[in-house]
Amino acid sequence: MNETNRSASWSAGRSAELYGIEDWGQGYFSVSPNGRLLVRPEGEGEGEIDLLDVVEGLGERDLSPPLLIRFSDILAHRLKTLREAFAIAIAENDYRGSYLAAYPIKVNQQRPVVEEIFRYGTEYDFGLEVGSKPELLAVMALTGGSSERLIVCNGFKDDGYIEAAILAAKLGRRIVPIVEDFGEVRLILKHALKHEVVPSIGVRVKLASQGAGRWKGSAGEKSKFGLFVSEILQMVELLSAHDMLGALQLVHCHPGSQIHDIDRLKDAIGELGHVYAELIRLGAPLQYVDVGGGLGVDYDGSRTSSESSMNYTLEEYAREVVYRLGSVCDECEVPHPTIVSESGRAIAAYQTVLVFNVLGSAGPRTTYPDPFPVPAGLTRREDVPQPIRDLVFAYEAVDEGRLVECYHDAARAREEALNLFNLGYLTLELRGLAEQLFWATCARVQDRSRELDEVPEELDSLDEILSETYFCNFSVFQSLPDAWAIDQVFPIMPIHRLEEEPTRRAVLADVTCDSDGKIDRFVDGHSTIELHELDSESEYYLGVFLVGAYQEALGDLHNLFGDTHVIHVRLHEEGGWWIEEVVEGDTAREVLGYMQYDAERLQPLLARDCELAVREGRMTVADTRMLMRFYHAELSGYTYLEADG
Ligand SMILES: Cc1ncc(COP(=O)(O)O)c(C=O)c1O
């Protein structure tokens, strides 16, 4: 289909297809016929929120992009979906135990998120998982009056961590410290005796089954955490010797985050089930089998075992866990335990969308008059070096159908022209012409290749060569650290203008002064994304989806771009949306403070310099007043770029 036909037949539906929204969106996102991104916090068929409407509404409230918008109803829906998947699996498999989720707060420790999960999880008795002392301190305080809700304590523990857990048990919390290292058993015994508490204890098993995914090192014999089976046997002896074997209530494993291949899970659960059964045989009154985290998120929507995807569904995960554990228990004739899972990513990722505006673009010119206006007689001029002539010939030959050959010839000629320039044999004007001829050839080759049934692989790099850079108002390091650190792919798309055909291909660059601060991996496997031409009259907004897990806590202050504004948006019962909570982003004063700058000391330093400038006649008093007012206002301002005024 040629360009004109493609444009005429474009629709919002085609944008939905292009950006793969149905593949990765799990029904939480869709596109309206008038080309706007819709959020459906309660899944398909329920209420809808127009994301651009939210962004504009926030602008009216002086909250400018970048914005981290949390849809709390999605969080509630995720908990319900998880619970339902396990309920169905339990019923289908005649499993006689029940299911509990314990949300690992490290996935997103923000107070409003943890509070919401705890609140929404009330009807299912869902608990929380902590992995450090500060996380425990937060959770101990937040869980008042909920003695039935499970608190699982993972991570390496010192004396203080264990004493805090034992005291929390005395306070009435249903808390289970998980032994990750043998020394912790002695500490638990010490504090249990000291405070006269019989605690519930868990143990993490160093499984022989290899973990899965990027974090497969979380399981297996070389994993950082857990006890070898021989150590668990020693632990059983030690507890028995103190008449405390009754305290051993839970066995745990964590097969790695973002498990992308379900087969790896099967092995881990089978092995953990047998450890459970054997411990029951040895007299431990275990009640829980905790299968850890790892339930994946299909970031790229490919439903494959690639690292950004998963080759199973949430329902299959639940079925697999329940079926495997049930069969091991039946085989070994032991009771069916309560299944606990510590799913984090799968609960938290979908709730948050990062929205930012595009500030401008740069890139090769891709539209030229056809044919390209080669200066008259250029190829006959003696002062024109051969590479320039070759570029003209390559351009002209495109219409003879030798697309790959012309592209290679043009690339080689441009390379030679650059070498000549570096040696001082080519003028700046001729170098400029070489550049234009090369891009014009690439654009022509790309245009003609659209008529082919199959585009030769050699031409794949044209998209990248002809792509632009869109400069975007956000920091990769602050808001999408995993995109930088581990090449995590997140779905990205415009949140409006989706009824229009995107005619540009771009890489996204952030506002940091770091060449790594860019996004050049997208869910369709390309290094560029199709976007709309920028319009100087209006803002262009992009959304990055599924960013609710891990990104906030891992984000850093590169170039002193601080936390973005975070806004909790909810569906209103009578339709539309409302803002439940706003957590304003860092101000310049705050980020400077994190680096030990005291704004109260910086201001007088600058004021003194201003006075000197007045005395020496370099500035007027009015100038310095303006500078000091500006300085004062900027200290309280957002760290990102804001519209004038
Ligand atoms: C012990 C433990 N539990 C749960 C999780 C959460 O994993 P996920 O977010 O993949 O579900 C992790 C994360 O690595 C973990 O280390």
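Residues numbered from 1 in each chain as written. Predicted model: local features only at pLDDT ≥ 70, side-chain atom pairs only at ≥ 80, totals over all residues.

Visitor: Help me understand the overall build of the protein, please; the structure alone is not making it clear to me.
Guide: Looking only at helices and strands, the protein has 23 helices and 21 strands in total. Projected onto its principal axes, the C-alpha coordinates of the protein cover approximately 100 × 75 × 55 Å. Split into buried and exposed, the 645 residues of the protein put 45% on the buried side. (Helix = DSSP H or I, 4+ residues; strand = E, 2+ residues; numbered from the N terminus. Buried ≥ 20, exposed ≤ 12 C-beta atoms within 10 Å, placed from the backbone.)

Visitor: Honestly, the packing of helix α7 (residues 133-142) against helix α8 (residues 159-171) in this entry has me stumped. Any pointers?
Guide: Describing two packed helices takes the angle between their axes plus the distance from one axis to the other. At a minimum axis distance of 10 Å, the contact between α7 and α8 shows a crossing angle of 20 degrees. As far as their axial angle goes, α8 and α7 are roughly parallel. Note that α7 runs across α8; the crossing there is left-handed. For the pair α7 and α8, the contacting residues are K133, L136 and M140 in the first and G160, Y161, A164, A165 and A168 in the second. Grouping the constituent residues of the contact of α7 with α8 by class yields six nonpolar, one polar and one charged. (Axes fitted to C-alpha atoms, helices over the stretch in contact; angles between N-to-C directions. Parallel < 35°, antiparallel > 145°, perpendicular 65-115°, else oblique. Left-handed = near helix turned anticlockwise from the far one by under 90°. Contact = placed C-beta atoms within 7 Å. Nonpolar A, V, L, I, M, F, W, Y, C, P; charged D, E, K, R; others polar.)

Visitor: I'm lost on the site of the ligand in this one. Help?
Guide: Neighbouring residues of the ligand: 17 residues in total, closest S257, G293, E342, G344 and R345. Residues of the shell around the ligand, tallied by class, amount to four nonpolar, 10 polar and three charged. (Near = placed C-beta within 6 Å.)

Visitor: In this structure, what is going on with the nonpolar core? I would like to understand it.
Guide: Proteins that are soluble and globular tend to have nonpolar side chains buried together. Counting residues in each nonpolar core, the largest one holds 156 residues, and the members touching the most others are A165, V251, L272 and F490. Those residues in contact with F490 that sit more than four places away from it in its chain are Y299, L480, A483, V544, F545, L546 and V547. C406, A417, W439 and C442 belong to the second largest nonpolar core, which has 22 residues in total. (Core = buried A, V, L, I, M, F, W, Y, C linked by C-beta atoms within 7 Å.)

Visitor: Explain the pairing of strand β20 (residues 565-571) to me, please; I cannot follow it from the model alone.
Guide: The side chains of a regular strand alternate between the sheet's two faces. For β20, the tally of buried residues reaches six of seven residues, placing the bulk of the element in the interior. With five bridges joining them, strand β4 (residues 67-71) and β20 adopt parallel strand pairing. From the neighbouring strand, I69 faces β20, where its bridge partner is I567. Where β20 meets strand β21 (residues 577-583), six bridges bridge the pair, whose relative direction is antiparallel. Counterpart to H568 in the pairing with β21 is E581. Hairpin connection, β20 to β21: the antiparallel pair is bridged by five residues, and G575 has positive phi, about 100 degrees. (Pairing = 2+ DSSP bridges.)

Visitor: Hey, could you run me through helix α11 (residues 262-281) in this one?
Guide: Because each turn of an α-helix spans 3.6 residues, side chains separated by three or four positions in sequence point in the same direction. Here α11 is 20 residues long and its end C-alpha atoms lie 29 Å apart, about the 28 Å a rise of 1.5 Å per residue gives. When α11 is considered as a whole, its buried residues turn out to be R264, L265, A268, I269, E271, L272, G273, V275, Y276, A277 and L279. Contacts made by the buried residues of α11 are with β10 (248-252), β11 (288-290) and α12 (314-332). Trailing α11 by a residue or two, G283 shows a phi angle of about 100 degrees, which is positive. (Expected span 1.5 Å × (residues − 1).)

Visitor: Would you mind going over helix α2 (residues 12-19) with me for this structure?
Guide: All buried positions along α2 are accounted for by S15, A16 and Y19. Burial along α2 is one-sided: seen end-on, the buried residues are contained in an arc of 100 degrees. Residues of α2 that are buried in the fold lie against α3 (21-24), β1 (29-31) and β15 (492-494). Looking one or two residues beyond α2, the residue adopting positive phi is G20, at roughly 70 degrees. (Arc of directions from axis to C-beta.)

Visitor: What am I meant to see in the sheet that holds strand β12 (residues 338-341) here?
Guide: Hydrogen bonds along the backbone pair up the strands of a sheet, which may run parallel or antiparallel. Ordered in space as β5-β6-β7-β8-β9-β10-β11-β12, the eight strands form a closed barrel in which the pairing is parallel. Averaged over neighbouring strand pairs, the angle between their axes works out to 25 degrees when direction is ignored. Where strand β7 (residues 150-153) meets strand β8 (residues 174-179), four bridges bridge the pair, whose relative direction is parallel. Residue pairing for β8: C153 is matched across the bridge by P177. Strands in contact with α7 are β6 (127-130) and β7; relative to β6, the strand with the most contacts, it is inclined by about 155 degrees. The sheet strands contacting α11 are β10 and β11, and the helix crosses β10 at an angle near 160 degrees.

Visitor: Help me understand the domain arrangement of the protein in this model?
Guide: Interfaces are frequently sized by the accessible area removed from exposure as the parts join. Entries for the protein in the domain assignment read domain 1 (93-343), domain 2 (378-463) and domain 3 (588-635). Here domain 1 and domain 3 have C-alpha centroids that lie 54 Å from each other. (Domains from an automatic or database assignment.)

Visitor: In this structure, what is going on with the sheet that holds strand β2 (residues 37-39)? I would like to understand it.
Guide: In space, the three strands of this open sheet follow the order β1-β2-β3, with antiparallel pairing throughout. Each edge of the open sheet carries a strand with a single partner, namely β1 and β3 (49-50). As paired strands, β1 and β2 are joined by three bridges and run antiparallel to one another. Paired with F29 across the strands is V39, a residue of β2.

Visitor: Whenever I open this one, the environment of V358 confuses me. Can you help?
Guide: Relative to the helices and strands, V358 resides in strand β13 (residues 352-362). Given 20 C-beta atoms within 10 Å, V358 falls into the buried group. Sequence separation between V358 and Y540 is 182 residues; the distance between their C-alpha atoms is 5.7 Å. The residues contacting V358, other than those within four sequence positions of it, are Y470, F471, C472, L534, Y540 and L542.

Visitor: Just checking my understanding: could you explain the packing of α11 against α12 for this structure?
Guide: Between α11 and α12, the shortest axis-to-axis distance is 9 Å and the interhelical angle comes to 30 degrees. Pair α11 / α12 crosses with right-handed handedness. Contact residues: I262, L265, K266, I269, G270, G273, H274 and A277 in α11; E316, E320, V321, R324, L325, V328, C329 and C332 in α12. Residue composition of the contact of α11 with α12, by class: nine nonpolar, three polar and four charged.

Visitor: Help me understand the environment of L426 in this model?
Guide: Within the secondary structure layout, L426 lies in the loop between α15 (403-422) and α16 (428-449). Residue classification places L426 among the buried positions, given that 21 C-beta atoms sit within 10 Å. Along the sequence, L426 and D383 sit 43 residues apart, while their C-alpha atoms lie 9.4 Å from each other. The residues touching L426, leaving out its near neighbours within four places in the chain, are P385, A417, L420, F421 and R431.

Visitor: I tried to follow the pairing of β8 on my own but got confused; where do I start?
Guide: Among the six residues in β8, five count as buried, and that is most of the element. One crossover worth recording links β7 to the parallel β8 by way of α8, and it is right-handed. In this structure, β8 lies alongside strand β9 (residues 201-204), joined through two bridges in parallel fashion. Bridging from a neighbouring strand, I178 pairs with G202 of β9. Once the chain exits β8 it traverses helix α9 (residues 183-194) before rejoining the sheet at β9, and the crossover so formed is right-handed. (Right-handed = clockwise from strand over helix to strand, strands pointing away.)

Visitor: How should I be thinking about unusual backbone geometry in this particular structure?
Guide: Note: most peptide bonds trans; most residues except glycine with negative phi. Cis geometry is found at the peptide bond from P65 to P66, where omega equals 5 degrees. Looking at the element boundaries, P66 is found in the loop between α4 (51-60) and β4. Not every positive phi belongs to a glycine, and Q258 is a case in point at roughly 50 degrees. Counting through the fold element by element, Q258 comes out in the loop between β10 and α11. By the C-beta count within 10 Å, which is 26 here, Q258 ends up buried. Despite not being glycine, D487 shows a phi value in the positive range, around 55 degrees. Of note, D487 is situated in the loop between α19 (481-485) and β15. The class for D487 is exposed, based on 12 C-beta atoms found within 10 Å.

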